[in-house]
Amino acid sequence: MAKVAIMGHGVVGSGAAELLIDHAATIEKRANEQLEVKRILDLRSFPGLSYSDKFTTNFEDIVSDPEITIVAEVMGGLHPAYEFVSRCLAAGKSVVTSNKELVAMKGAELLALAKAHGVSFLFEASVGGGIPVLHPMTQCLAANSFSQISGILNGTTNFILTKMIREQMSFDDALKLAQQLGYAERNPAADVEGLDACRKICILASIAFGKHIYPDSVHTEGITKITLADVDYAADYGCVIKLLGHAEQTADGRTAALVAPFLVRRDNPLSVVDDVFNAIMVTGDATGDVLFYGKGAGKLPTASAVVSDMIECAKHPGGMIYPAWEDGTAADAADAGKQAFPRYVRCAGVSADDLKAFGDVTVLHRDGGAGELAFVTASMDGDTLETALASVVAAGGHVLGCIRVAAF
Ligand code: HSE
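Residues numbered from 1 in each chain as written. Predicted model: local features only at pLDDT ≥ 70, side-chain atom pairs only at ≥ 80, totals over all residues. Heavy atoms only, no water.

The environment of the ligand is made up of Lys-100, Asn-154, Gly-155, Thr-156, Tyr-183, Ala-184, Glu-185, Asp-191, Asp-196, Lys-200, Gly-296 and Ala-297. For the ligand, a nitrogen atom lies 2.7 Å from a polar atom in the side chain of Glu-185. At 2.7 Å from a nitrogen atom of the ligand is found a side-chain nitrogen or oxygen belonging to Asp-191. Across the complex, the protein chains shield 93% of the 260 Å² of accessible surface that the ligand would expose by itself. For the shell around the ligand, the elements supplying multiple residues, two or more each, are helix H7 (155-167) and helix H10 (195-209). The class makeup of the residues in the shell around the ligand is three nonpolar, four polar and five charged. (Near = heavy atom within 4 Å. Polar contact = N/O pair within 3.5 Å; in protein donor to acceptor, adjacent residues only side chain to side chain. Areas by Shrake-Rupley, 256 points an atom, 1.4 Å probe, with all protein chains shown as cover. Helix = DSSP H or I, 4+ residues; strand = E, 2+ residues; numbered from the N terminus. Nonpolar A, V, L, I, M, F, W, Y, C, P; charged D, E, K, R; others polar.)

A few words now on the pattern of salt bridges. When charged atoms on two side chains of opposite charge get close, those side chains can pair. Going through the model one piece at a time under the given rule, you end up with 22 salt bridges. Glu-36 is paired through a salt bridge with Lys-3; the nearest N and O atoms lie 3.6 Å apart. Here Glu-36 is found in strand S2 (residues 35-41), whereas its partner Lys-3 is found in strand S1 (residues 2-7), with 33 residues between them in sequence. Salt bridges here are not isolated pairs; linked through shared partners, they connect Asp-230, Asp-232, Arg-346, Arg-366 and Glu-372. (Salt bridge = Lys/Arg side-chain N within 4 Å of Asp/Glu carboxyl O.)

As a further point, take the packing of aromatic side chains. With the rule as written, the count across this model stands at 12 aromatic pairs. Judged by centre distance (5.6 Å) and plane angle (65°), the ring pair of Phe-159 and Tyr-183 falls under edge-to-face. Placement of Phe-159 in helix H7 and of Tyr-183 in the loop between helix H8 (171-180) and helix H9 (189-192) is noted, with a sequence separation of 24 residues between them. Neither Phe-159 nor Tyr-183 differs from the other in exposure class; each is buried. (Phe/Tyr/Trp six-rings, centres within 6.5 Å; stacked < 30°, edge-to-face > 60°. Buried < 20%, exposed > 50% of the residue type's maximum accessible area, 1.4 Å probe, protein only.)

What follows is about the sheet that holds strand S6 (residues 121-122). Read from one edge to the other, the open sheet built from six strands follows the order S3-S2-S1-S4-S5-S6, with strand pairing classed as parallel. Looking at the sheet topology across the chains shown, the edges are occupied by strand S3 (55-56) and S6. Sheet strands touched by helix H1 (residues 11-22): S1 and S2. Its angle to S1, the strand with the most contacts, is close to 155°. (Pairing = 2+ DSSP bridges. Contact = heavy atoms within 4.5 Å. Axes fitted to C-alpha atoms, helices over the stretch in contact; angles between N-to-C directions.)

Further remarks concern the domain arrangement of the protein chain. As assigned here, the protein chain comprises domain 1 (2-131 + 299-327), domain 2 (136-296 + 331-336) and domain 3 (340-405). The straight-line distance from the C-alpha centre of domain 1 to that of domain 2 is 26 Å. The junction of domain 1 with domain 2 conceals about 2,000 Å² of combined surface from both sides, 65% of it contributed by carbon and sulfur atoms. On the domain 1 side of the contact with domain 2, Lys-100, Ile-131 and Trp-325 bury the most area, a combined 30% of that side's loss. Taken together, the connections running from domain 1 to domain 2 amount to three salt bridges. Lys-100 serves as the salt-bridge partner of Asp-196, at 3.4 Å between the closest nitrogen and oxygen. (Domains from an automatic or database assignment. Buried area = accessible area lost by both parts, 1.4 Å probe.)

Right, let's get into the pairing of strand S9 (residues 239-249). Of all 11 residues in S9, nine are buried, a share of seventy percent or more. As paired strands, strand S7 (residues 146-152) and S9 are joined by four bridges and run antiparallel to one another. Note that in S9 the partner of Ile-149 across the bridge is Ala-247. Where S9 and strand S10 (residues 255-265) come together, 11 bridges link them in antiparallel fashion. Considered in S10, the bridge of Val-240 is made with Val-264.

This next bit is on the state of the cysteines. Note on terminology: disulfide describes a covalent bond linking the sulfur atoms of two cysteines. Per the counting criterion, the structure on display carries zero disulfides. There is no disulfide at Cys-88, and the cysteine sulfur nearest it, in Cys-313, is 12 Å away. Lacking any disulfide linkage, Cys-347 is separated from the closest cysteine sulfur, that of Cys-402, by 9.7 Å. (Disulfide = S-S within 2.5 Å.)

Here the focus is the pairing of strand S17 (residues 398-405). Taken together, the two bridges between S10 and S17 define a ladder with parallel strand orientation. Looking across to S17, one finds that Phe-262 is bridged to Arg-404. Relative to S17, strand S14 (residues 341-348) is paired through six bridges, and the arrangement is antiparallel. The partner of Arg-346 across the bridge, within S17, is Gly-401.

Here it is as structure tokens:
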């Protein structure tokens, strides 16, 4: 029997406890041994549960208990999660986590620590909630060189955009609903400003390209500036607006990664990924495109990945070294913010004659769009775009919106 601990009894931690208890017989068969929850760490008390006697407020009860061999960290945040996880690994315990901030900031270091102590550090739940993507990339797709990854990596923003597109719901009402349903981060700014998706593309890019990509080298934009007018113009152009994470290798071997809203054409499979669903498209040189799809947030989908990683740890008591990547530096990352894409632009106070700096454009039309001019350009890099946007202002106009158009 393996004795396990869960650090954090929030949405994901309570889901993991539930799965470990409710599915105990199936889990025992798949792990070849029973997984018994010995301790749950939380500062709050939870009377009335069938496992209320397992709670402790003292981390030492877990790290100093030699019987506990597998620990799930589902507290979120960098501190004290980083210190707790480091100490558990150094104490010879395998650790699984759903904490993308921890993995995006400290992944290379914690993987090295796990390797040094002959234990596992697994984090399938940190990207795509219940969708298996990290293990498939490191196992089933291990024979490939990856050229790019694109995905809808945040359930909350996908839910909000879906409500705006399908129901013309306001941004604020859709965010409130996502929070009520338990999808959003503790601070929803991490969702709507793109930071959560940024952490996830860092993890995916690190796995795909073998060097740790840190969040501060990823160009990141959120969805707070998207309006219902943009949604309508996008529809006129045969597109929906999606917040995408995208990473690719440049010709000189660096990684260009960004998170930003994109207009996505309706014939792109990512365009039909709605609500809280996530999808990750991975391009391998042998396989071509492979698409992973499922629920990217929520209690049981995320807990499913946490508990599956605990089962993997039980099956590999000597440590499962993958996924693994080397530490990276800022020099391993290219500035994806300036990468060339076609652009959708919405502006006011100018006429089509004032748009010469944008080159050939396709003008879009929308009922009720009086006084506005919206158009799509050919592919432009960031510097050329800045110059063209400045020409709108110089002509006495205002730029109301500017969004990339997905060309992948
Ligand atoms: N807030 C995150 C999301 C949770 O909405 O996708 C899962 O990482």
